[in-house]
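Listed here are the chains, written in short residue letters.
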Amino acid sequence: MTQHSADWWRDAVIYQVYPRSFADANGDGMGDLEGVRSRLPYLRELGVDAVWLSPFYASPQADAGYDVADYRAVDPMFGTVEHADALIRDAHELGLRVIVDVVPNHSSDRHEWFERAIKEGPGSALRDRYHFRTGRGESGELPPNDWESIFGGPAWTRTDNPDGSPGDWYLHLFAPEQPDFNWEHPAVADEFRSILRFWLDQGVDGFRVDVAHGLVKAAGLPDIGGSDQLKLLGNASMPFFDQDGVHLIYRSWRAILDEYPDDRIAVAEAWAPTPERLALYVRPDELHQAFNFPYLGTYWDAEALREVIDSSLAAMRPVGAPATWVLSNHDVTRHATRFANPAGLGTQLRTPGDRGLGLRRAHAATLLMLALPGSAYVYQGEELGLPDVTDLPDEARQDPSFFRAAGQDGFRDGCRVPIPWTRDGSSYGFGSGGSWLPQPPEWAGLSVEAQTGDPGSTLELYRGALALRREHPGLGAGESVEWRDAPEGVLHFVRGDGFVCTANTTGQPVTIPTPGRAILSSATVHYNEQGAELPADTTVWWQA
Ligand code: BGC
């Protein structure tokens, strides 16, 4: 039952699977590809259109697989290329597309090229494929420039020469185990074109491009000059992010994608200083979509949401790309926990907040997101209303930023705890061998088994919403929303075919003239002479 509709990605709901934490078929406590394959019918039934798999390639796992040692091999911990093949085939039979991650900004320090570059010492031609530089200071004891790693500390690590003497430095925007490629080198560009073809030939429907904005660095690797670089990320121009040269790369990638039948796509994980700069990644001859991180970073607040919705739609319109919407992923605190905490704390939290409030708002936020035109991303477990696990013991943590400190303390492990499938069992159905991060006991009640058939559950809300979205093709289509007047703190808009969405982001019930028949709501609507009363933090879908 493979779907062949052109432009399927324009309004697709794409479900992110984090393979370590989805389902463990071989009982080693770590999720794997066979586990994912066994749960594809669940995803089909949930009603998503595609699955995006975070990296499952051969990797020493210094950054949970975003440090790739061999881009064409599956890590034994996740399975084999044959398992990937079987997964893709089964997904297609169920009508699900498959998107895989590609990590082109950096490799693992165990990648063959980097290992040889180190072993062969200064003068090795392989060093030109990365950024090796001599240090500053009298004896090269200082990093070549002032760039900081996103995980904390300097973005440079000094090497030892083969004779044991201190040698050159290499650049790593992330962990030291993730050396940045030099994209000026033709061998790097060739290699990635070949990697894309390898996975396209395996049948994947597209790629999520990791750190898509980072590949090209400003000539001469100039100093930034300011302190507190991490605060500037995403808002200011940086010599290592969003350089114009990246667009040439994506044009050549688009040409490859277009050679293949059935609409293969790429989505950019890109941070750009403005929505207009972001739109450049999705011009018609470049990538298809870019994640909407400004939306993800917006709190549950009507005014702020309306602003980001409008600016996102306006930025994408001139290039003809669909807007995308996302509330959670494997790098941020889950939205059920973000919205349980006060505004202004950002997306990196380790405080549980008010769970009931967070869940109520998460339900409402999901219905709002799924009513917007464009494509939406759902992160595994959000359909169960999972919160972040904010009290993981330090010994369990694996996020590299936990070890690199600099104010970033490994919060990302909190959203990566394995999924509970059943009420019982050592890891609630995740697998027979426990789970690599401990699951809280109350997750028994959040399991797929516990929520299935419960009309008040998060899972049934997602199933209902996704089913309606399929029935109303107008919902994801188009490139605008028609705003209607509404009381303060309330978003009220019309989409095609008489579909209306109202989101009350306030902590008080709000009454509005009844816009139509409520077809789905995140909490029970009451009716009185004035119209429909929406409880606090509630979204309703109406058919006029
Ligand atoms: C991924 C992260 C990863 C980083 C380095 C990202 O943006 O989503 O999980 O740590 O890239 O590859």
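Residues numbered from 1 in each chain as written. Predicted model: local features only at pLDDT ≥ 70, side-chain atom pairs only at ≥ 80, totals over all residues. Heavy atoms only, no water.

1. Section: the side chain of Asp49
Right, on to step 1. Within the element layout of this structure, Asp49 appears in the loop between α2 (40–46) and β2 (50–53).
Right, on to step 2. When its relative accessible area of 16% is taken as the criterion, Asp49 is described as buried.
Right, on to step 3. Among residues more than four places away in sequence, those in contact with Asp49 are Asp11, Ala12, Val13, Gly95, Leu96, Arg97 and Arg470. (Helix = DSSP H or I, 4+ residues; strand = E, 2+ residues; numbered from the N terminus. Buried < 20%, exposed > 50% of the residue type's maximum accessible area, 1.4 Å probe, protein only. Contact = heavy atoms within 4.5 Å.)

2. Considering the sheet that holds strand β5 (residues 97–102)
What links the strands of a sheet is backbone hydrogen bonding, and the strands pair in either a parallel or an antiparallel sense.
Right, on to step 1. One open sheet holds the eight strands; their spatial order is β11-β10-β9-β5-β2-β1-β13-β12, and the pairing between them is parallel. Either end of the sheet is taken by a strand with one partner, and the two such strands are β11 (289–290) and β12 (324–326).
Right, on to step 2. Looking at chain direction, β5 and strand β9 (residues 206–209) are connected through four bridges and run parallel. Its bridge partner lying in β9, Val102 is registered against Val209. (Pairing = 2+ DSSP bridges.)

3. Some words on a negative patch on the surface
Right, on to step 1. Together, Asp301, Glu303, Glu307 and Glu488 make up a negatively charged patch on the protein surface.
Right, on to step 2. Among the secondary structure elements, Glu303 is positioned in helix α10 (residues 302–316).
Right, on to step 3. Look at Glu303 and you get exposed, because its relative accessible area is 64%. (Patch = residues over 30% accessible without salt bridge, like charges linked within 9 Å, V, L, I, M, F, W, Y side chains within 5 Å. Areas by Shrake-Rupley, 256 points an atom, 1.4 Å probe, with all protein chains shown as cover. Salt bridge = Lys/Arg side-chain N within 4 Å of Asp/Glu carboxyl O. Lys, Arg positive; Asp, Glu negative; His and termini not counted. Charge placed at Lys NZ, Arg CZ, Asp CG, Glu CD.)

4. Observations regarding the site of the ligand
Right, on to step 1. Lining the immediate environment of the ligand, one finds 14 residues, of which Asp63, Asp210, Glu269, His330 and Asp331 sit closest.
Right, on to step 2. Asp210 places a side-chain nitrogen or oxygen 2.7 Å from an oxygen atom of the ligand.
Right, on to step 3. A distance of 2.3 Å is found between an oxygen atom of the ligand and a side-chain nitrogen or oxygen belonging to Glu269.
Right, on to step 4. Relative to its free-state accessible area of 300 Å², the ligand is covered by the protein chains to the extent of 96%.
Right, on to step 5. Residue composition of the shell around the ligand, by class: four nonpolar, three polar and seven charged. (Near = heavy atom within 4 Å. Polar contact = N/O pair within 3.5 Å; in protein donor to acceptor, adjacent residues only side chain to side chain. Nonpolar A, V, L, I, M, F, W, Y, C, P; charged D, E, K, R; others polar.)

5. Side note on the environment of Thr337
Right, on to step 1. For Thr337, the position within the fold is in helix α11 (residues 335–338).
Right, on to step 2. Thr337 gets classed as buried once you look at its relative accessible area, which sits at 1%.
Right, on to step 3. Not counting residues within four places of it along the chain, the set of residues in contact with Thr337 comprises Leu349, Thr351, Pro352, Pro387, Asp388 and Thr390.

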